[in-house]
Amino acid sequence: MTDRAFSVVRAGALTTVQDLGRPGHAHLGVPRAGALDEPAHRLANRLVGNPASAAALETTLTGCAVRVRTATTVAVTGAPCPVTVDGRPAPWGAPFRVPAGAVLDAGAATHGLRSHLAFAGGIETEEILGSRATDLLSGLGPDPLTDGAVLPLGAPHGPPAAADAVPHPGPAPELLLPFLPGPRDAWFTRAGLRTLATGRFRVSPASNRIGLRTEGPPLERARPGELPSEGMPLGALQVPPNGLPVLFLHDHPTTGGYPVVGVVPARFLSAAAQAVPGTPVRFLPLGRRPVPASHPG
């Protein structure tokens, strides 16, 4: 193994390798995957001189710790967390140097859910379909980190960003999810659609990289039964039989048979990556479609 590598000292609750994912393979049944908080991922890479496409670590809630085999520049973004190098404080949201043999520890998120750790040169695990991203649904990409695992690093691409730090908005106290109604909103009553637009929802502890599940009032259906399986885009608001919307995130299945009441545009999804269980959720219709007269309610 090359000296340009790091070993995992503390894997944390769930730490994965992520880049910008592998879009364009849904016809093969392969999800997009990639960093859930893409702005934070891009920022971390920019701070260490990497292209946005470089692979980095995405932690979940409890952070992680690694020992670098060679001196390298690192940046931690996303969910704010305490950062140390061999027990000494290091900055969050700014590039800093980690000496060879030192332990970099990104601690538990103080608010938010997922932190992003970028290393100069990026993480150079094997590419699969043009991406190094871990996909929890399909199993593509490297396994989630485990204690003792060793991951290779690439050669630095260029100097770190000139800025000492770049402002990045932290997680909001309420998750606002604008959505485009359809394609299956006709499967819900007027009352059901009103519930979606005005109801009080919150993030369920059952959420993961596949989907953000919600708790709250169920949406009333206008018709029984389910659909033949059809394509599911990133950001789909699928409604299973319990009536509670599920927001499909980057590791979502590419097909499904439950009706999709709306789709959240990708530019709004990074906020969902940082929403901890219990966070209030509001769904905001971006456009209104006429409700057919045949709808009950």
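Residues numbered from 1 in each chain as written. Predicted model: local features only at pLDDT ≥ 70, side-chain atom pairs only at ≥ 80, totals over all residues. Heavy atoms only, no water.

Engineer: Before we go on, may I ask you to explain the sheet that holds strand 2 (residues 16-18) in this structure?
Structural biologist: Spatially, the 5 strands line up as an open sheet ordered 2-3-10-5-8, and their pairing is antiparallel. The strands lining the two open edges of the sheet, one partner per strand, are strand 2 and strand 8 (96-98). In this sheet, neighbouring strand axes are inclined to one another by 35° on average, regardless of whether the strands run parallel or antiparallel. As defined by bridge partners, strand 3 (residues 56-58) adjoins strand 10 (residues 115-119) across 2 bridges and the pair is classed as antiparallel. (Pairing = 2+ DSSP bridges. Helix = DSSP H or I, 4+ residues; strand = E, 2+ residues; numbered from the N terminus. Axes fitted to C-alpha atoms, helices over the stretch in contact; angles between N-to-C directions.)

Engineer: Would you explain helix 1 (residues 38-47) in this entry?
Structural biologist: Taken as a whole, helix 1 has its buried residues at A40, H41, L43, A44, N45 and L47. Along its buried surface, helix 1 packs onto strand 2, strand 3, strand 5 (72-78) and strand 10. Phi turns positive one or two residues past the end of helix 1, at G49, with a value near 85°. (Buried < 20%, exposed > 50% of the residue type's maximum accessible area, 1.4 Å probe, protein only. Contact = heavy atoms within 4.5 Å.)

Engineer: Is there a simple way to explain the sheet that holds strand 4 (residues 64-68) in this structure?
Structural biologist: Hydrogen bonding along the main chain pairs the strands of a sheet, whether they run parallel or antiparallel. The strand order 7-6-9-4-1-11 describes an open sheet built from 6 strands, whose pairing is antiparallel. In this open sheet, the two edge strands, each paired with only one partner strand, are strand 7 (88-90) and strand 11 (150-152). Across the sheet, the axes of successive neighbouring strands diverge by a mean angle of 30°, strand direction being ignored. Where strand 1 (residues 5-10) and strand 11 come together, 3 bridges link them in antiparallel fashion. When the bridges of strand 11 are listed, F6 appears paired with L151.

Engineer: Is there a simple way to explain the nonpolar core in this structure?
Structural biologist: Side chains that are nonpolar tend, in soluble globular proteins, to be buried together. In terms of nonpolar packing, the biggest core is built from 26 residues, with F6, L57, F96, L104, L117, F119 and I123 touching the most fellow members. Mapped by element, the contributors of at least two residues to this core are strand 1, strand 4, strand 5, strand 6 (83-85), strand 8, strand 9 (103-106) and strand 10. With 3 residues, the top contributor of residues to this core is strand 4. What F6 contacts, discounting residues up to four positions off in sequence, is L57, V66, R67, V68, F119, I123, A149, V150, L151 and L153. Core analysis: the next-biggest nonpolar cluster, separate from the first, contains 25 residues, F188, L234, V261 and A272 among them. (Core = buried A, V, L, I, M, F, W, Y, C linked by side-chain atoms within 4.5 Å.)

Engineer: What is the right way to look at the packing of aromatic side chains in this model?
Structural biologist: The description of an aromatic ring pair uses the distance of the two centres, along with the angle that the planes make with each other. Scanning all chains against the criterion turns up 2 aromatic pairs. Each ring, one from F6 and one from F119, has its centre 4.8 Å from the other, and the planes form 15°; the classification is stacked. Of this pair, F6 sits in strand 1 while F119 is found in strand 10, placing the two residues 113 residues apart along the sequence. Here F6 and F119 have matching classes, each one buried. Taking 5.4 Å as the distance between ring centres and 75° as the angle between the ring planes, the aromatic pair formed by F201 and F283 counts as edge-to-face. Of this pair, F201 sits in strand 13 (residues 201-203) while F283 sits in strand 20 (residues 280-285); the two residues are 82 residues apart in sequence, bridging distant segments of the chain. Note on accessibility: F201 and F283 belong to one class, buried. (Phe/Tyr/Trp six-rings, centres within 6.5 Å; stacked < 30°, edge-to-face > 60°.)

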